Structure formats: structure tokens, C-alpha cells
Amino acid sequence: MDNELKRTLGVFDAVVIGLGAMVGAGIFAALAPAARAAGGGLLVALALAAVVAYCNAHSSARLAVRYPSSGGTYVYGRERLGPFWGYLAGWGFVVGKTASCAAMALTVGAYVWPGREHEVAVAAVVALTAAGYGGVQKSARIARLIVAVVLAVLAAVVVACLTSEAAGAGRLADGAWGGPAGLLQAAGLLFFAFAGYARITTLGEEVRDPRRTIPRAVPLALGIALLVYAAVAVAALSVLGAGALGGSSAPLADAVRAAGRPGLVPVVRVGAALAALGSLLALVLGVSRTALAMARDGHLPRTLAAVHPRHQVPHHAEPAVGAVVAVLAATVDLRGAIGFSSFGVLAYYAIANASAWTLGSDVKGRAVAAAGLSGCVLLACALPAASVATGAAVLALGALTYGMRAGLRPAS
């Protein structure tokens, strides 16, 4: 078909794109609110988030093998549960992640040039959109460079903290625990940082030999991200403790200061800026591919389904996503207004797990899908009330839009 994308990504590139999304700006900021909620139980909350993420990754990989096309859970929900559920997953993903794109762009601006955040954010969006237009392999090469630098920065943070005289194992579980509600809320906040492995499945149409590549790439990316998160969390806790970590606005910068390495603070800032850039790159790729899939079914303007004959990219969807994100980044500060993204991501994966449940009678597959679905619902309900309310309102608006469009369709 003329509007199909070209399969060029191998296991390594798929893992790198997933890592670029996961080892993003979240690790530089998510630890603080999670520590406030969980207290001394932060590492337990991280483990809980990892278990739910594993269940979701397992279900998503099974579905991607069956449906190796662009769109991720939008396609899985449509094929396994019906058009409405696929649409709802796609709606929540496109709306929530478009806001996340703008937030990541503004985060890049805040680190690169404080006071000129909006201008830098727009420049970053334009540059990455232009790079993406040259093909997914070009985006993968950029992701490789970003991931390598970010991992090097995080390794420097871990080494600086754990070799410091200020480090103490007693701080790892020090302080009052947040109780079951606090642990669940912290796990929900940390889960959002794990969700980047979805980029691998949304790019399913551009992966070589998807039945072999995706089931290998998803757990590999998730496993590496978990090891990185655990090492960084242990390092930060060892010098700050849960109380100081929870009260920090720049936790990794404060951690290296507490470790007696203030010279690393500028390095941490560079790492955070690049991490946000990597997240932005992966988000634009994921949103544009989901928009492509929804446009093919008529849920978005059909012109967005066009694929460039030479570069093999969604050359209408990707610039359209970039344009919307650039306008948002230039006019609105969404960094503090995207709490609904965590709720939306959990709803997205709840639909993925429900879809995986229908694949067959495989005991392990169904058990993992049931655990993932339960975990997503539990973590979503444990998020702060404002996040739940905003996320539910976004999904309700999507359902209303779907119902109105269905009512306007002529009877067949």
C-alpha cells in the first residue's frame, strides 16, 4: 500500500527510542513528588510501578506481534474491543501526549535559556520535526546520541553520590512511610516515567521483523530503564534522605551538591535539557504515528494518513503535530498543567491489557493482562484528585465527540 511506512528499525534502534522516552526528563524531576508521597517507602513504590509497567509491556508486546502497524493501543483496542475503545485510547494518547510534548519543549527551554523558554521550546520543536521528516532512521540516530549522553550524566550522578562521605545506607528507607495511599500515589507518578516503551509499539509499522523485534525490544528497554531508575533513586536517597528529596525542586542537582560535588550541577542541567529533548523526540514520533492510524480510519482528517513516497514518514501528520506543539509551546506554559497525562497513560494501558486478555486462553498471558489492568485502575484512582478529575474530563470529552460523530453518520 502507498500509505504504509517502511520497516527500517532493528532491535537496537527500537530499544534506544524506548530508552529516549523513558530515561527522559522524568528521572530529573519525578523522584521529588514521588518521595513526598511515599516517604521512606520510595523504593517500594518504584518496585510497584515497575511491576505494573512489566505487565503492560508484556501485554503490549503480545498485541504488537499480532498487529504490527502504527498506532499502538489505538489499533489494539479497535481490533480486540471495538472501534470506541480504540478511539478512546487514541484520543487520550494524542491529546495528553500533545500537551506533554509542549511541556517537554518548555522544559528544554527552561534549562537551556531561562527567561527565553518559549523561544527555545519552539526552536526545539521545529528542529526535531525537521529531523523526523528525514526518516525514522535519522530520528533514531539522534536518539542514540541523546541517550548516550544522558546515561553518562546519570552514571556520574550515581558515582558521585555513592562514593561521597555524605552517603549513608540508613537513609534509603529513612523517614515516615506514606502508607498504602502514599505508596500507590508515588507508584502512579513514577509509572508515568516508565511509559516510554509505548513508543516502540506505536512505531510497530517501522520495525523490521516485528514478531521477533518488538517482544525483545520492549522488555530490554524497560529492564534497562528500571536499573537506571533504581540506581539513581538509591544514590539520591543515600545523600538526601526521603525528606530532603521530597522537598527538592531540582533533586539530582541537590543530590550532587549534598555529595560535595557542586561542579557537577551544570553537567546535571545539560543532562536534564538533553533528556527533555529525547523525550520530546520520542513523543513527537509516537503522537504522529497514532494520528496517522486514526486518520486512516477517518477519526482525524484523512490527509494526515499521507506517507512520503521517498522518506517513508507520515509527512502530513508529523508537521501537523509539530505545528500544534510549537503553537502551544509559544503561547501557554503547560509544565504545571498536565497532571492528567499520568491518568491518560494509565487509561491507555488499561485498554491495552483488556485487549490482551482477549488474545486467547494462555494462562500466563491472561494473568499478566489481569494484573496489569487491575494495577492501572488502582494507580489511576490513587493519583491526586486534580489529575483524576482532569484526566476523566479529557476522556469524557473524547467519548462525547465520538458519540456526536457517530450520530451524524448517515445510516447505511
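Not measured: the values here are computed from a predicted model.

**Student:** Go over empty space enclosed by the protein, please, and point to the residues and values.
**Tutor:** Following the criterion strictly, the structure yields two cavities of 30 Å³ or more and no others. In terms of lining, the largest cavity is formed by 17 residues, of which the most central are Gly92, Phe93, Ser341, Gly344 and Val345. Those elements giving two or more residues to the lining of the largest cavity turn out to be α6 (83-112), α10 (198-202), α15 (340-357) and α17 (385-408). Residue contributions to the lining of the largest cavity peak at seven residues, all from α15. Broken down by class, the residue content of the lining of the largest cavity amounts to 10 nonpolar, five polar and two charged. There is about 40 Å³ of room inside the second largest cavity. Around the second largest cavity, the lining residues are Gly26, Ile27, Ala30, Leu31, Leu46, Leu190 and Tyr229. Looking at the lining of the second largest cavity residue by residue, the class counts come to six nonpolar, one polar and no charged.

**Student:** Could you give an account of helix α16 (residues 363-382), with specific residues and numbers?
**Tutor:** Between its first and last C-alpha, α16 extends 28 Å over 20 residues, near the 28 Å set by a 1.5 Å rise per residue. Those residues of α16 lying buried are Gly365, Val368, Ala369, Gly372, Gly375, Cys376, Leu379, Ala380 and Ala382. Buried positions in α16, seen along its axis, are confined to an arc of 165° and lie on one side of it. Residues Val363 and Cys381 are exposed on α16 and point more than 90 degrees away from its buried face.

**Student:** Break down the nonpolar core for me, citing the residues and quoting the values.
**Tutor:** Of all hydrophobic cores here, the largest spans 130 residues; its most connected members are Phe28, Leu31, Leu154, Phe191, Tyr197, Leu280 and Tyr349. Look past the residues within four positions of phenylalanine 191 in its chain and what remains in contact with it is Ala49, Val52, Ala53, Asn56, Tyr197, Val345, Leu346, Tyr349 and Leu379. Within the second largest apolar cluster, eight residues are counted, among which are Ala291, Ala305, Val307 and Ala317.

**Student:** Describe the packing of helix α7 (residues 117-133) against helix α14 (residues 317-331), with residues and values.
**Tutor:** Packed helices, taken two at a time, are described by the angle between their axes plus the distance between the axes. Contact geometry of α7 with α14 gives a least axis separation of 8 Å together with a crossing angle of 175°. By the angle class used here, α7 and α14 are roughly antiparallel. Two secondary-structure elements touch here, α7 through His118, Ala121, Val122, Val125, Thr129, Gly132 and Tyr133 and α14 through Glu318, Pro319, Gly322, Val325, Ala326, Ala329, Ala330 and Thr331.

**Student:** Break down a nonpolar patch on the surface for me, citing the residues and quoting the values.
**Tutor:** A cluster of nonpolar side chains, contributed by Leu397, Leu400 and Met404, occupies part of the molecular surface with about 320 Å² of accessible area. In this structure, methionine 404 sits in helix α17. Classification of methionine 404 by relative accessible area gives exposed; the value is 52%.

**Student:** Can you tell me about the packing of aromatic side chains, naming the residues and giving the values?
**Tutor:** Under the criterion given, the structure shown has seven aromatic pairs. Judged by centre distance (5.2 Å) and plane angle (75°), the ring pair of phenylalanine 84 and tryptophan 85 falls under edge-to-face. Judged by its relative accessible area of 26%, phenylalanine 84 is partly exposed. Residue classification places tryptophan 85 among the partly exposed residues on the basis of a relative accessible area of 39%. Counting every residue linked through ring pairs, the aromatic cluster contains Phe84, Trp85, Tyr87, Trp91 and Tyr402. Residue placement shows arginine 366 over the ring face of tryptophan 357; its charged tip is 4.3 Å from the ring centre.

Conventions and cut-offs
- Residues numbered from 1 in each chain as written.
- Predicted model: local features only at pLDDT ≥ 70, side-chain atom pairs only at ≥ 80, totals over all residues.
- Heavy atoms only, no water.
- 1 Å grid on protein atoms, 1.4 Å probe; cavity = no way out; pocket = protein on both sides within 12 Å on 5 of 7 lines; lining within 4 Å.
- Points joined across faces, edges and corners; volume = space filled by probe spheres on them.
- Helix = DSSP H or I, 4+ residues; strand = E, 2+ residues; numbered from the N terminus.
- Nonpolar A, V, L, I, M, F, W, Y, C, P; charged D, E, K, R; others polar.
- Expected span 1.5 Å × (residues − 1).
- Buried < 20%, exposed > 50% of the residue type's maximum accessible area, 1.4 Å probe, protein only.
- Arc of directions from axis to C-beta.
- Core = buried A, V, L, I, M, F, W, Y, C linked by side-chain atoms within 4.5 Å.
- Contact = heavy atoms within 4.5 Å.
- Axes fitted to C-alpha atoms, helices over the stretch in contact; angles between N-to-C directions.
- Parallel < 35°, antiparallel > 145°, perpendicular 65-115°, else oblique.
- Patch = residues over 30% accessible without salt bridge, like charges linked within 9 Å, V, L, I, M, F, W, Y side chains within 5 Å.
- Areas by Shrake-Rupley, 256 points an atom, 1.4 Å probe, with all protein chains shown as cover.
- Salt bridge = Lys/Arg side-chain N within 4 Å of Asp/Glu carboxyl O.
- Phe/Tyr/Trp six-rings, centres within 6.5 Å; stacked < 30°, edge-to-face > 60°.
- Lys NZ or Arg CZ within 6 Å of the ring centre and 35° of its normal.

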